[in-house]
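Each chain, letter by letter, is given below.
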Amino acid sequence: MTATQDKSVAIVGFGVAGFNAALALRTAGYDGEIRVFSDTEGAPYSPILTSYYAGGELTAEECHPWSQDAIDALELTVEAGHPVTELDTAAHVVRTEAGSFPYDKCIVATGATPTSCGFPADCGYEPLMLRTMDDAERLRNALTEPSCRRVLVSGASMVALKILEACLKRELDATLVGMNPHILDCNALPEAAERFERGLLEKGVHLRLGQTIAGVRIIEDASHPLGRWLEVTFSTGDVDEFDQIAVAHGMRCNLGFLAEGALETDCGILVDDHMRTSDADVYAAGDVAQATELVSGTKRIIGIWKSAAIQGQCAGTTIAAELAGAPIPPEGRFAGAISTNTIGVDGTLFMSAGSIELNDSREVEVREGDDMTVVYVYEQCPGDDAASGPHKRLVGFNITSDTDIEGSVAYDTGAMLTMRIEQGCRR
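Given the structure is predicted, the values throughout are model-derived calculations rather than measurements. (Residues numbered from 1 in each chain as written. Predicted model: local features only at pLDDT ≥ 70, side-chain atom pairs only at ≥ 80, totals over all residues. Heavy atoms only, no water.)

I'd like to hear about the overall build of the protein chain, residue by residue, with values.
A tally of regular secondary structure across the protein chain gives 8 helices and 25 strands. For the protein chain, the C-alpha radius of gyration of 23 Å lies close to 22 Å, the compact-globule estimate for 427 residues. Along the three orthogonal principal directions, the C-alpha set of the protein chain runs to about 70 × 65 × 40 Å. Across the 427 residues of the protein chain, 52% fall into the buried class. (Helix = DSSP H or I, 4+ residues; strand = E, 2+ residues; numbered from the N terminus. Rg over C-alpha atoms; globule rule 2.2 N^0.38 Å. Buried < 20%, exposed > 50% of the residue type's maximum accessible area, 1.4 Å probe, protein only.)

Got a sec to walk through the side chain of Asp287? Specific residues and values, please.
Among the structural elements, Asp287 can be located in the loop between strand S18 (282-284) and strand S19 (289-292). A relative accessible area of 18% places Asp287 in the buried class. There is a polar contact of 2.9 Å between the side chain of Asp287 and the side chain of Arg131. (Polar contact = N/O pair within 3.5 Å; in protein donor to acceptor, adjacent residues only side chain to side chain.)

Residue-level account of the pattern of salt bridges, with values.
Counted by the stated rule, this structure contains 24 salt bridges. Across the salt bridge formed by Glu33 and Arg35, the nearest N and O atoms sit 2.8 Å from each other. For Arg35, a relative accessible area of 15% corresponds to the buried category. Among the salt bridges present, the one from Arg276 reaches Glu322, with a minimum N-O distance of 2.8 Å. Here the residue Arg276 occupies a position in the loop between strand S17 (269-270) and S18, and Glu322 occupies one in helix H7 (residues 305-324), the gap between them amounting to 46 residues. Look at Arg276 and you get buried, because its relative accessible area is 18%. (Salt bridge = Lys/Arg side-chain N within 4 Å of Asp/Glu carboxyl O.)

Which residues make up the pairing of strand S13 (residues 228-234), and what are the values?
Consecutive side chains of a regular strand alternate in pointing toward one face of the sheet and then the other. Within S13, 6 of the 7 residues are buried, which leaves the element mostly enclosed by the surrounding structure. Of the pairings in the sheet, the one linking strand S12 (residues 213-220) to S13 comprises 7 bridges and is antiparallel in character. Residue pairing in the sheet places Gly215 in a bridge with Thr233 of S13. Counting the residues between successive antiparallel strands, the hairpin from S13 to strand S14 (residues 239-242) contains 4 residues, one of them, Gly237, with a positive phi of roughly 100°. (Pairing = 2+ DSSP bridges.)

An account of the sheet that holds S19 is needed here, citing residue identities and associated values.
Strand order in the open sheet formed by 3 strands is S17-S19-S20, with mixed pairing between adjacent strands. Every interior strand has two partners, whereas the edge strands, S17 and strand S20 (299-301), have only one. As paired elements, S17 and S19 share 2 bridges and run parallel to each other. Bridging across to S19, Leu270 finds its partner in Gln290.

An account of helix H5 (residues 158-169) is needed here, citing residue identities and associated values.
The end-to-end C-alpha separation of H5 is 17 Å, in line with the 16 Å expected for 12 residues at 1.5 Å each. Backbone geometry just after H5 places Glu171 at a positive phi near 60°. (Expected span 1.5 Å × (residues − 1).)

How would you explain the nonpolar core if you had to name every residue and give the values?
Counting 76 residues, the largest nonpolar core has Leu161, Ile183, Ile213 and Ile245 as its most contacted members. The greatest single-element share of this core, amounting to 8 residues, is contributed by H5. Other than its neighbours up to four places away in sequence, Leu161 contacts Leu176, Ile183, Leu184, Phe196, Leu200, Ile343 and Val345. Membership of the second largest hydrophobic core comes to 55 residues, among which are Val12, Tyr30, Val108 and Val282. (Core = buried A, V, L, I, M, F, W, Y, C linked by side-chain atoms within 4.5 Å. Contact = heavy atoms within 4.5 Å.)

Give a description of the packing of aromatic side chains that names residues and reports values.
All chains considered together, the criterion is met by 5 aromatic pairs. Cluster of aromatic residues (ring-pair linked, three or more members): Phe19, Trp66 and Trp305. Looking at Arg208, its charged tip hangs above the ring of Phe234, at a distance of 4.2 Å from the centre. Of note, Lys392 hangs over the ring of Tyr378, and the distance from its end group to the ring centre comes to 4.5 Å. (Phe/Tyr/Trp six-rings, centres within 6.5 Å; stacked < 30°, edge-to-face > 60°. Lys NZ or Arg CZ within 6 Å of the ring centre and 35° of its normal.)

Tell me about the packing of helix H1 (residues 16-27) against H7, residues and numbers included.
Put simply, H1 and H7 touch, their axes get as near as 7 Å, and they point 35° apart. Helix-helix and strand crossings are classified by hand; for H1 and H7 the assignment is right-handed. Residues Val16, Ala17, Asn20, Ala21, Ala24 and Leu25 of H1 form the contact with H7, whose own contacting residues are Trp305, Ala308, Ala309, Gly312, Gln313, Gly316, Thr317, Ile319 and Ala320. Its residues assigned to classes, the contact of H1 with H7 comprises 10 nonpolar, 5 polar and no charged. (Axes fitted to C-alpha atoms, helices over the stretch in contact; angles between N-to-C directions. Left-handed = near helix turned anticlockwise from the far one by under 90°. Nonpolar A, V, L, I, M, F, W, Y, C, P; charged D, E, K, R; others polar.)

How would you explain the environment of Leu139 if you had to name every residue and give the values?
Tracing the chain through its elements places Leu139 in helix H4 (residues 133-144). Overall, Leu139 belongs to the buried group, its relative accessible area being 1%. Taking the C-alpha atoms as reference points, Leu139 and Gln244, 105 residues apart in sequence, are found 9.5 Å from one another. The contact partners of Leu139, leaving out residues within four places of it in the chain, are Ala54, Leu128, Met129, Leu130 and Ile163.

Explain a nonpolar patch on the surface to me, using residue names and the numbers behind them.
Residues Leu358, Val364 and Val366 make up a contiguous nonpolar surface patch of roughly 220 Å² in combined accessible area. Among the structural elements, Val364 can be located in strand S23 (residues 362-368). (Patch = residues over 30% accessible without salt bridge, like charges linked within 9 Å, V, L, I, M, F, W, Y side chains within 5 Å. Areas by Shrake-Rupley, 256 points an atom, 1.4 Å probe, with all protein chains shown as cover.)

Can you break down the state of the cysteines residue by residue, with the values?
Counted according to the given criterion, the structure contains 0 disulfides. A disulfide-free cysteine, Cys117 has its sulfur positioned 14 Å from the sulfur of Cys186, the nearest such atom. Given the relative accessible area of 62%, Cys117 is considered exposed. (Disulfide = S-S within 2.5 Å.)

Go over the pairing of strand S7 (residues 105-108), please, and point to the residues and values.
Burial along S7 is two-sided: Lys105 and Ile107 and Cys106 and Val108, pointing in opposite directions, are all buried. Across 4 bridges, strand S1 (residues 8-12) lies against S7 in parallel orientation. Residue pairing across strands places Ile11 opposite Ile107, the latter belonging to S7. In this structure, S7 lies alongside S18, joined through 3 bridges in parallel fashion. Looking at S18, one finds that Cys106 is bridged to Val282.

Purely geometric numbers; function is a separate question.
Right, here's the structure in full:
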């Protein structure tokens, strides 16, 4: 028997972070038990792709990045369909309704869940959401219902825009309502957002920015194909009618199984550069982990696919080394990341990277072209020594283009600027 054959690693969550953690464990030579806990049956899927399924651009099978053969090769014990009810860090036990399972090391990779906070909860209508395959199936069914003609999308985030795109792909009349003056308020500065908004207007989207849903009434109507329609009152006092409403009001970490004080948390679970939590035998990766964000140098949730994959790999590699009593290799360290986002809606492209938070030491530069707007965010730096002197560094950017074509100038510019930000952070 090898040194690790009698060990057990628990992975709570089976998305990109959980899969890559398992893959890294096996790649690093760990041959003990890997027990995976998943809320759902079947192979892990990509939440990024679910909107394309709802919009009819992908099949359900195409939303699963890994084949069953690839999963089987990892020799996992999968506890599917039984959500974790408690992670008992003191007893080193994962509890579910199906039983309790001991572990030597545990990786929390449970991701995030969309919230409908702010939507009238007592109106009797359950809004459409988008994250899981079940969400995508419900959204797809609603959008393809022949009697569905008008859809209201509430929220102006990346997820809201992908729902909006699914509506456009289905040739539906779509309205977007958002509480802030512009779309993508967490990712876009006004100059970039305005160009994207013009693109949406040209595609027939109705924009209600700077307002919210104040009330929703289900109006029973036997003459309507759905048997009802939805009367929506906005915060402006305007009233309109819709067949369906989709909501994207942000995400919350899936940490309901953690007892208060079990791990050190903030917005998510705080981790070190090896994805360890405040408990030496528990790690976290993906949308639940607050790891190093390079521009600010602080711990933040970096909710992007690439970072989740790398964080899972770091956790798995580190655990394999620790259980084998070996040094942790370089790939076991998470070197930090910057936030990056790319989204296209029916041909209009938006890209961002780094930080767009403005303060007294930052300045904005806008360059407007015929088919592209680039917004740069620079930070004034005093210089580390007399030789470098005061200078400014690029800490963030936005790009909005009227065309979404892979390999275009917009994509090349985005890749170049992202590299500049990363290089500036690592100096």
